[in-house]
Amino acid sequence: MELSKGLPGQLKLFNFAKKEISLSGIYQISDFPKISEIASNKKDNVKVDLSFYLKNNKTPCVDGIIELDIVLACQRCLDDLSITLKVNFNLAFVRHNQESEELDSHYEIYVIEEEELATHDLISDEILLSIPMVPMHDYDCIKEINEQEIVEGKSENPFAILKKIKIADGGKE
Ligand SMILES: [Zn+2]
């Protein structure tokens, strides 16, 4: 199947599942406001694959893969932190909680009232769930920064720096 920027805006859950439709599309990070807020690579692609099917002849399900590279601010040093995300998910859309008891435990259960779901909301939610709560470099990035400062500091007389700060403070008053 050829990829196009052409997933429908709304997912007709039961309808798509009954027809066992598979959809692929490519978005940009900037298409998702909540992701765009925290990512600095807004022009980069988000690749989405969705496959719909009916479980137990009545429950619409979707297996999906979302792939993207996202650049976040490291919560320790605030520098760029690039993460490659490959989000695999299996969703089941049920009318009542009772219906979910018949499903395998690997499904994420969504209790829905509407027959349709906004494609952007689904993709955005799945990406947000997969982003680490506190993204950080996997090495001691602060330590490296401190070491750099120490090396740079050696070339200057530490008292000279102190003097500059004092002058700056005095000027403000
Ligand atoms: Zn860092």
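All of these numbers come straight from a predicted model, not from anything done at the bench.

Conventions and cut-offs
Residues numbered from 1 in each chain as written. Predicted model: local features only at pLDDT ≥ 70, side-chain atom pairs only at ≥ 80, totals over all residues. Core = buried A, V, L, I, M, F, W, Y, C linked by C-beta atoms within 7 Å. Buried ≥ 20, exposed ≤ 12 C-beta atoms within 10 Å, placed from the backbone. Helix = DSSP H or I, 4+ residues; strand = E, 2+ residues; numbered from the N terminus. Pairing = 2+ DSSP bridges. Axes fitted to C-alpha atoms, helices over the stretch in contact; angles between N-to-C directions. Contact = placed C-beta atoms within 7 Å. Expected span 1.5 Å × (residues − 1).

Visitor: Quick one: what's the story with the nonpolar core, residue by residue and with numbers?
Guide: Counting residues in hydrophobic clusters, the biggest one holds 24 residues, and the most contacted among them are Ile 29, Val 46, Val 48, Ile 66 and Ile 123. With five residues, strand 4 (residues 59-73) is the single largest residue contributor to this core.

Visitor: An account of the sheet that holds strand 2 (residues 22-28) is requested, with residue identities and associated values reported.
Guide: In a beta sheet, neighbouring strands are held together by backbone hydrogen bonds and run either parallel or antiparallel to one another. Taking strand neighbours across the sheet as the criterion, the five strands line up as 2-3-4-5-6 in an open arrangement whose pairing is mixed. Both outer strands of the open sheet, strand 2 and strand 6 (108-111), are each paired with one neighbouring strand and no more. Going from strand to strand, the sheet's axes swing by 30° on average, the running direction of each strand aside. Taken together, the four bridges between strand 5 (residues 80-94) and strand 6 define a ladder with parallel strand orientation. The residue bridging Val 94 from the neighbouring strand is Val 111, located in strand 6. Packed on one face of the sheet, helix 4 (residues 119-130) meets strand 3 (45-55), strand 4 and strand 5 and runs near 125° to strand 5.

Visitor: Any details on unusual backbone geometry? Residues and values, ideally.
Guide: Although it is not a glycine, Asn 56 sits at a positive phi angle of roughly 55°. Within the secondary structure layout, Asn 56 lies in the loop between strand 3 and strand 4. Even without being glycine, Leu 78 reaches a positive phi, approximately 65°. A count of 10 C-beta atoms within 10 Å places Leu 78 in the exposed class.

Visitor: Residues and numbers for helix 4, please.
Guide: With twelve residues, helix 4 extends 17 Å between its outermost C-alpha atoms, agreeing within 8% with the 16 Å of an ideal straight helix rising 1.5 Å per residue. Residues of helix 4 that are buried include every one of Leu 122, Ile 123, Ser 124 and Ile 127, and no others. Contact partners of the buried residues in helix 4: strand 1 (10-12), helix 2 (33-38), strand 3, strand 4, strand 5 and strand 7 (116-118).

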